[in-house]
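Inside the fold
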2 protein chains.
Amino acid sequence: MREVVYLRPEELPRYYYNVLADLPFELDPPLDPQTRQSVKPEQLLRIFPEPLVEQEVSKDRFIPIPEPVLQEYALYRPTPLIRAHRLEEYLGTKTKIYFKYEGTSPTGSHKVNTALAQAFYNKLVGTKMLVTETGAGQWGSALSYAGKKFGLKVKVFMVKVSYEQKPFRKSLMKLFGGEAIPSPSTETEIGRSFPEDHPGSLGIAISEAIHTVLQTPNAKYALGSVLNHVLLHQTIIGLELKKQLELLNIQPDVIVACHGGGSNFGGTVLPFVPDVLSGKKLRIVAVEPESCPSLTNGQYTYDFGDTAGLTPLLKMYTLGKDFVPPAIHAGGLRYHGASPIVSKLYHEKLIEAVAVSQEKVFEAARLFATLEGIVPAPESAHAIAHVIDEAKLNENKTVIFTLSGHGYFDLNAYV
Amino acid sequence: MREVVYLRPEELPRYYYNVLADLPFELDPPLDPQTRQSVKPEQLLRIFPEPLVEQEVSKDRFIPIPEPVLQEYALYRPTPLIRAHRLEEYLGTKTKIYFKYEGTSPTGSHKVNTALAQAFYNKLVGTKMLVTETGAGQWGSALSYAGKKFGLKVKVFMVKVSYEQKPFRKSLMKLFGGEAIPSPSTETEIGRSFPEDHPGSLGIAISEAIHTVLQTPNAKYALGSVLNHVLLHQTIIGLELKKQLELLNIQPDVIVACHGGGSNFGGTVLPFVPDVLSGKKLRIVAVEPESCPSLTNGQYTYDFGDTAGLTPLLKMYTLGKDFVPPAIHAGGLRYHGASPIVSKLYHEKLIEAVAVSQEKVFEAARLFATLEGIVPAPESAHAIAHVIDEAKLNENKTVIFTLSGHGYFDLNAYV
């Protein structure tokens, strides 16, 4: 019988975990591009609501999850931890493989975890409209859903190549009342500066979203990855996972997650960073696409979060704000940078990173779909591809990965 | 917090329930169209494997689920029973609403339950290829998955209008190695007898599939609904549901399921028929589309299961084998007939039936998606539409329905 670990609804974590409280070093602060001085929190208030700016710089170890957000989480959380027995059998490995499955969320990925929190805090301070960007559409659909739940309008600049490849994610946004606009668009000056046949990038879409917010009263910007408060909300994944591993009485040897901007990766692994710091034998591995290798092939330097240079400068591993990744199907991983927290952890060698080819990722996805009966999102399949490599070492270890979403909307990529 | 009832893996039912053992009347037998005599089981062996023919006519109350099928069920079963709290709140009703959710299966609907059993028994007797038809693609993708699991080729005649409307279900079949052919096709004489722009129907697709089986060595036919053995395999839904209701200590007042050929409906309700027979106050309601109202507007008579008249004559509620339903999106409910078991139960007034409009169904689906965070398949949304009507009566009752699948592949219908 399949080994599945559920938690009871009352075991749902009631606090997010803030790794900044436990790091033995400071993050390099965001800089104002004009003055090269630290950005003051107040400067962020034009685009983010105050409670999220507070979270962005907080050093509190535990930050309570508001009751209305908990109520929404309860519709799909706690998510299950599942043993990938069939995959183990197929590989003939001694290694035990478990995956934390986030695909049971209302829009099919982990993105809803932070979307709900962001929509809630924005509603609290009187925001009327949220503007954002999306790659594959997972973030855009999650924010549309969250906006619907908390009564906010949602406008989404969607990377054009994904807009064309993912018709169903557009429909999902529309179902929840979100408006999707292909980026580069004709709605902003930045968008119009690119040729009509430009495939788009997350960097450009972020610029268009921020530009729109700056020109619209009562509108705020929402980001689905990269920033501290986004990773904070996603720690609910790792916190549940810790409880589930305790129930199984398992000490993981390796934790693996795919890495784009860092929200799924950070959400999964940050609660385990204190274990690494305390000297436990635990490896943490970020898996990114060969075609967009920000950690494994980027520079650790200050760079803009967007292409037009509207954001503060962030210290991160980056391929450069003008990097336009090839049109791979894992749209959620097509970002030029990496979150400052993840970047710092990588720089301090507390975590590892590997890059895998699209071919290997799709092969892993097809294999997993057949063996385990779940079609993984191409993003999540990056983790699977690497987990297979770990399992092939045939060591007596336990490898955990996050399956951050299902691939029902990405099927045309696989066949 | 959300009320969800899981069963432990070891609580997975190990027997299918055969309602024929408990009915106080006999079903009218299938007839040979030439002789108008009862079809002998042997006559079915050309298109079905022996174990399934035995199940088709069995009177045993409990039929063991083979271990390899149980192992496959364990990848996604037992499925959860979930309280629809938000829907109740929204309707302001005293009525309690629960739904059994089958959308967590590998292909997103209940169809996998019988697909796995049919593939297993076919493999057992040496079948090399399964041929079938599919409407919306739920059955075709389920059989493709099951074929992949048990090492059988799968060929699927897909109703043309759905083939064109549901590109992702085609991809899902392909992912699992199934071959999808739009029907009417040019592959069979029957297919060629229809004009090129014919939208197709399940009746025509069944004819094409059976015709292909009759001409292909080691090929068998697989049907996703209507027949006794199909409903038998689906009783795993109702058997789990019974256990879950016992855990909750709930006596349901009304059980609701959508009705096309009868597999989801029968699978859900047949284990409750003895309760009705023993005089318990329990209403069982089948919900069908206004545009294809076989129970509510059909004749109870002998008719062919397919358009070309290749099947035996079945005693059932039917709109006539030549009925071509309009191109509604709930492709899984576009069948001219109803299963003989369900037809007999309806004729004997042990169950009720209602028809609902597409408009009302889509409205219910959008409402449910937003409130409960699950996008329902259009088929399943028929049940929701009627449950809302039941809840609006505002009686102190418990209404249960089966959400037979998710609607991620049907999003273009809703927006």
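Small disclaimer: the values here were computed from a predicted structure and weren't measured.

**A few points about the packing of aromatic side chains**
All names here are of chain A. Taken as a whole, this structure holds 33 aromatic pairs over all chains when the rule is applied. Taking 6.4 Å as the distance between ring centres and 70° as the angle between the ring planes, the aromatic pair formed by phenylalanine 99 and tyrosine 101 counts as edge-to-face. By relative accessible area, phenylalanine 99 is classed as buried at 0%. The buried category is assigned to tyrosine 101, whose relative accessible area is 9%.

**Remarks on the interface of chain A and chain B**
Each partner contributes residues to the interface: chain A has 41 residues there, and chain B has 41 residues. Buried area between chain A and chain B, both sides added, is near 3,800 Å², and the carbon and sulfur share of it is 67%. Seen at the junction of chain A and chain B, the total is two salt bridges. As a salt-bridge pair, Glu72(B) and Arg86(A) come within 3.0 Å of each other at their nearest N and O atoms. At the surface where chain A touches chain B, the tally comes to twelve residue pairs in polar contact (both at pLDDT 80 or more). Those elements giving two or more residues to the side of chain A that touches chain B turn out to be α2 (67–73), α5 (138–150), α7 (167–175), α15 (358–372) and α17 (411–414) of chain A. Considered class by class, the residues forming the side of chain A that touches chain B number 22 nonpolar, nine polar and ten charged.

**Description of the domain arrangement of chain A**
Residue and element names in this part refer to chain A. Annotation of chain A at the domain level lists domain 1 (4–12 + 65–109 + 232–413) and domain 2 (36–60 + 111–221). If you average the C-alpha positions of domain 1 and of domain 2, the two centres end up 22 Å apart. With 44 residues of domain 1 in contact, the opposing surface of domain 2 contributes 44 residues. Across the interface of domain 1 and domain 2, roughly 3,500 Å² is buried in total on both sides, 61% from carbon and sulfur atoms. The three residues of domain 1 that bury the most area against domain 2 are Thr107, His233 and Phe409, which together make up 19% of that side's buried surface. Counting across the interface, domain 1 meets domain 2 through two salt bridges. Here lysine 149 ties to glutamate 72 by a salt bridge, and the two come within 3.4 Å at their closest N and O atoms. Remark: the boundary between domain 1 and domain 2 carries 17 residue pairs in polar contact (both at pLDDT 80 or more). Looking at the side of domain 1 that touches domain 2, the elements that each hand over two or more residues are α2 and α10 (228–248).

**Thoughts on the environment of Ala369(A)**
Along the chain, Ala369(A) turns up in helix α15. Each C-alpha atom of the pair Ala369(A) and Phe409(A) lies 14 Å from the other, and the pair is 40 residues apart in sequence. In this structure Ala369(A) touches Ile374(A), Val375(A), Pro376(A), Tyr145(B), Leu175(B) and Phe176(B), once residues within four positions along its chain are discounted.

**As for the pattern of salt bridges**
On inspection of all chains with the given rule, the structure shows 49 salt bridges over all chains. Connected through salt bridges with shared partners, the residues Asp28(A), Lys315(A), Lys344(A) and Glu348(A) form a single ionic network.

**With respect to the side chain of Thr134(A)**
Residues and elements named next belong to chain A. With respect to the helices, strands and loops of the structure, threonine 134 is situated in strand β6 (residues 129–134). According to the relative accessible area criterion, threonine 134 is buried, its value standing at 1%. A polar contact of 2.9 Å, which involves the side chain of threonine 134, links it to the backbone nitrogen of glycine 140.

**Topic: the packing of helix α1 (residues 50–57) of chain A against helix α4 (residues 112–124) of chain A**
Residues and elements named next belong to chain A. Running from amino to carboxyl end, α1 crosses α4 at an angle of 130°, the nearest separation of the two axes being 8 Å. As judged from the angle between their axes, α1 and α4 are oblique. Residues Pro51, Leu52 and Gln55 of α1 pack against Gln118, Tyr121 and Asn122 of α4. Among the residues making up the contact of α1 with α4, the classes are represented as three nonpolar, three polar and no charged.

What counts and what doesn't
- Residues numbered from 1 in each chain as written.
- Chains lettered and ligands numbered in written order.
- Predicted model: local features only at pLDDT ≥ 70, side-chain atom pairs only at ≥ 80, totals over all residues.
- Heavy atoms only, no water.
- Phe/Tyr/Trp six-rings, centres within 6.5 Å; stacked < 30°, edge-to-face > 60°.
- Buried < 20%, exposed > 50% of the residue type's maximum accessible area, 1.4 Å probe, protein only.
- Contact = heavy atoms within 4.5 Å.
- Buried area = accessible area lost by both parts, 1.4 Å probe.
- Salt bridge = Lys/Arg side-chain N within 4 Å of Asp/Glu carboxyl O.
- Polar contact = N/O pair within 3.5 Å; in protein donor to acceptor, adjacent residues only side chain to side chain.
- Helix = DSSP H or I, 4+ residues; strand = E, 2+ residues; numbered from the N terminus.
- Nonpolar A, V, L, I, M, F, W, Y, C, P; charged D, E, K, R; others polar.
- Domains from an automatic or database assignment.
- Axes fitted to C-alpha atoms, helices over the stretch in contact; angles between N-to-C directions.
- Parallel < 35°, antiparallel > 145°, perpendicular 65-115°, else oblique.

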